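# Results of the structural survey
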Amino acid sequence: MLHIGCHLSAAKGFLNMGKEAQSIGADTFQFFTRNPRGGAAKEISDEDVVAFLDFHAQHHFTTLLAHAPYTINPCSDNSQTREFAEMAMVDDLKRMEYIPNNLYNFHPGSHVGQGVEKAIDLIADLLNRVLKPEMTTTVLLETMSGKGSEVGSRFEELRTIIDKVELSEKMGVCLDTCHVYSAGYDIVNQLDDVLEEFDKILGLSRLKAIHLNDSMMPFASHKDRHEKIGQGTIGAEAIIRFINHPKLKNLPFLLETPNELDGYAEEIRFLRTHFQV
Ligand code: FE
Ligand code: FE
Ligand code: ZN
């Protein structure tokens, strides 16, 4: 069975996200842990969580993906910016324990001129302060397009971060199809080679989730512009091959395409139709 969902607004709480997901044929979803621009987190209601966990089990939902605000920069050259990233992650991870055993994804950040090595040290140091043995959440590094001074557009960079994390068993990777294609991994013509490289460098067992997006930008452009499934430079055929790949087909796929709910519903229907059980 294809495990698929999309990004949903967390404004109305967990149970509402669950119901919204179910209404579009999804069995998972992604949500921002707080205002995507980095603001305050919404209060979590125990009642909502209890009702949602029940809903999640009853409707056989799979693993959920929380996304950290995309403006936090754990490897900034500004200590206050780094402290804010750390504060947000500490708080987010505490909140994740309300819905145990799920995934928390973040962008490694931008080195803003300090260089990749320094940035990797800052990211790993931060993770070594915020990860705790008792946490049930798996923390994911997202593969990035490499725009500007973004860290994480090469599998090797993600590997180096993970190697420096003491509780590395709590770490995984979320592969974004738009980002890797922009970063120069040819998932359209050489998917097997890309997955082999991922396996060699990171280990496929680290791959915990997929951001399934088409791209507005050409291969290896190092630009990050998501497109609707089938309307971009990756294209429907490659995306269908991707979701059916034996090494990928059991993962949760999360759409981050430029859509409203009805557009997501249509993409989910389309992908389910083209999924070979
Ligand atoms: Fe992201
Ligand atoms: Fe993404
Ligand atoms: Zn993106």
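Throughout what follows, the structure given in this document is the object of discussion. Here the structure is a predicted model, which means the values were calculated and not measured. (Residues numbered from 1 in each chain as written. Chains lettered and ligands numbered in written order. Predicted model: local features only at pLDDT ≥ 70, side-chain atom pairs only at ≥ 80, totals over all residues. Heavy atoms only, no water.)

### Points about the sheet that holds strand S3 (residues 65–67)
Defined as follows: In this scheme, strands are said to pair when DSSP sees at least two bridges between them. Counting from the N terminus, the helices are the DSSP runs of H or I reaching at least four residues and the strands are the DSSP runs of E reaching at least two. For helices, the fitted line uses only the C-alpha atoms of the stretch in contact; every axis is such a line through C-alpha atoms, and the angle between N-to-C directions lies from 0 to 180 degrees. Whether two residues touch is decided by their heavy atoms; if any such pair falls within 4.5 Å, the residues are in contact.
Ordered by their spatial adjacency, 8 strands build a closed barrel running S1-S2-S3-S4-S5-S6-S7-S10, and the pairing between neighbours is parallel. Adjacent strand axes in the sheet meet at a mean angle of 30 degrees when their direction is disregarded. By the bridge criterion, 4 bridges tie strand S6 (residues 171–176) to strand S7 (residues 207–212) in an arrangement that is parallel. Of the residues in S7, the one forming a bridge with Leu175 is Ile210. Contacting S6, S7 and strand S10 (252–255), helix H8 (residues 235–244) runs over the sheet at an angle of about 160 degrees to S7.

### Some remarks on helix H4 (residues 116–130)
The test is simple: In this scheme, a helix's expected span is set at 1.5 Å multiplied by one less than its residue total. Exposure categories follow from relative accessible area, calculated using a 1.4 Å probe and restricted to protein chains: below 20% of the type maximum is buried, above 50% is exposed, and the middle band is partly exposed.
Taking 1.5 Å as the rise per residue, H4 with 15 residues should run 21 Å; its terminal C-alpha atoms sit 21 Å apart, in good agreement. Taken together, the buried positions of H4 are occupied by Ala119, Ile120, Leu122, Ile123, Ala124, Leu126, Leu127 and Val130. On its buried side, H4 packs onto helix H3 (79–96), strand S4 (103–106), strand S5 (138–142), helix H5 (155–164) and S6.

### Considering the coordination of the iron ion (ligand 2)
Quick note on the threshold: Keep in mind that water is not among the atoms, so a site may look incomplete; donors are the N, O and S atoms within 2.8 Å of the metal, or 3.2 Å for Na, K and Ca. Only two sets of limits are used to name each site, 85 to 135 degrees for every angle of a tetrahedral four-donor site, and over 155 degrees for opposite donors with all other angles from 65 to 115 for a square planar four-donor or octahedral six-donor site, with any other site named irregular.
Distances from the iron ion (ligand 2) to its protein donors, Glu142 (OE), Asp176 (OD), His211 (ND1) and Glu256 (OE), fall at 2.0 to 2.2 Å. If you look at the iron ion (ligand 2), its 4 donor atoms make angles of 85 to 171 degrees with each other, and the shape they trace is irregular.

### Structural notes on the nonpolar core
Convention followed: Only buried residues count toward a nonpolar core. Its members are Ala, Val, Leu, Ile, Met, Phe, Trp, Tyr and Cys residues joined through side-chain atoms within 4.5 Å.
Counting 81 residues, the largest nonpolar core has Leu127 and Leu212 as the members making the most contacts within it. The element that contributes the greatest number of residues to this core is H4, accounting for 8 residues. Setting aside residues no more than four positions away along its own chain, Leu127 makes contact with Met89, Phe106, Val139, Ile161, Val165 and Met171. Counting 6 residues, the second-largest nonpolar core is a separate cluster that includes Leu65, Leu103, Leu140 and Leu254.

### Observations regarding the packing of H4 against H5
To keep it simple, the criterion reads: For classification purposes, an angle smaller than 35 degrees is called roughly parallel, one larger than 145 roughly antiparallel, one from 65 to 115 roughly perpendicular, and anything else oblique. Helix crossings are classified by the rotation of the near helix relative to the far one: an anticlockwise turn of less than a right angle makes the crossing left-handed, while a clockwise turn makes it right-handed. Residues are grouped as follows: nonpolar covers Ala, Val, Leu, Ile, Met, Phe, Trp, Tyr, Cys and Pro; charged covers Asp, Glu, Lys and Arg; every other residue, Gly included, is treated as polar.
H5 packs onto H4 with a crossing angle of 40 degrees between their chain directions and a minimal axis gap of 9 Å. The pairing of H4 with H5 is recorded here as oblique in orientation. Seen from above, H4 lies across H5 with right-handed handedness. Only Glu157, Thr160, Ile161 and Lys164 of H5 make contact with H4, whose side of the interface consists of Val116, Ile120, Asp121, Ile123, Ala124, Leu127 and Asn128. Residue composition of the contact of H4 with H5, by class: 6 nonpolar, 2 polar and 3 charged.

### Regarding the side chain of Glu86
Assignment of secondary structure puts Glu86 in helix H3. The contact partners of Glu86, leaving out residues within four places of it in the chain, are Leu126, Arg129 and Val130.

### Considerations on the pattern of salt bridges
For the record, the criterion: Salt bridges are defined as contacts in which a side-chain nitrogen from Lys or Arg sits within 4 Å of a carboxyl oxygen from Asp or Glu.
Here the structure, examined in full by the defined rule, presents 10 salt bridges. Here Asp163 ties to Arg159 by a salt bridge, and the two come within 2.9 Å at their closest N and O atoms. Of this pair, Asp163 and Arg159 are both found in helix H5, 4 residues apart, which corresponds to roughly one turn of the helix. With relative accessibility at 34%, the residue Arg159 sits in the partly exposed group. Here Arg241 and Glu237 are joined by a salt bridge, their closest N and O atoms 3.9 Å apart. Pair noted here: Arg241 and Glu237 are both in helix H8, with a separation of 4 residues, about one helical turn. Of the residues examined, Glu237 reaches a relative accessible area of 63% and is grouped as exposed. Linked by salt bridges that have partners in common, Arg34, Asp91 and Asp92 make up one network.

No statement about biological role is implied by the geometric values presented.
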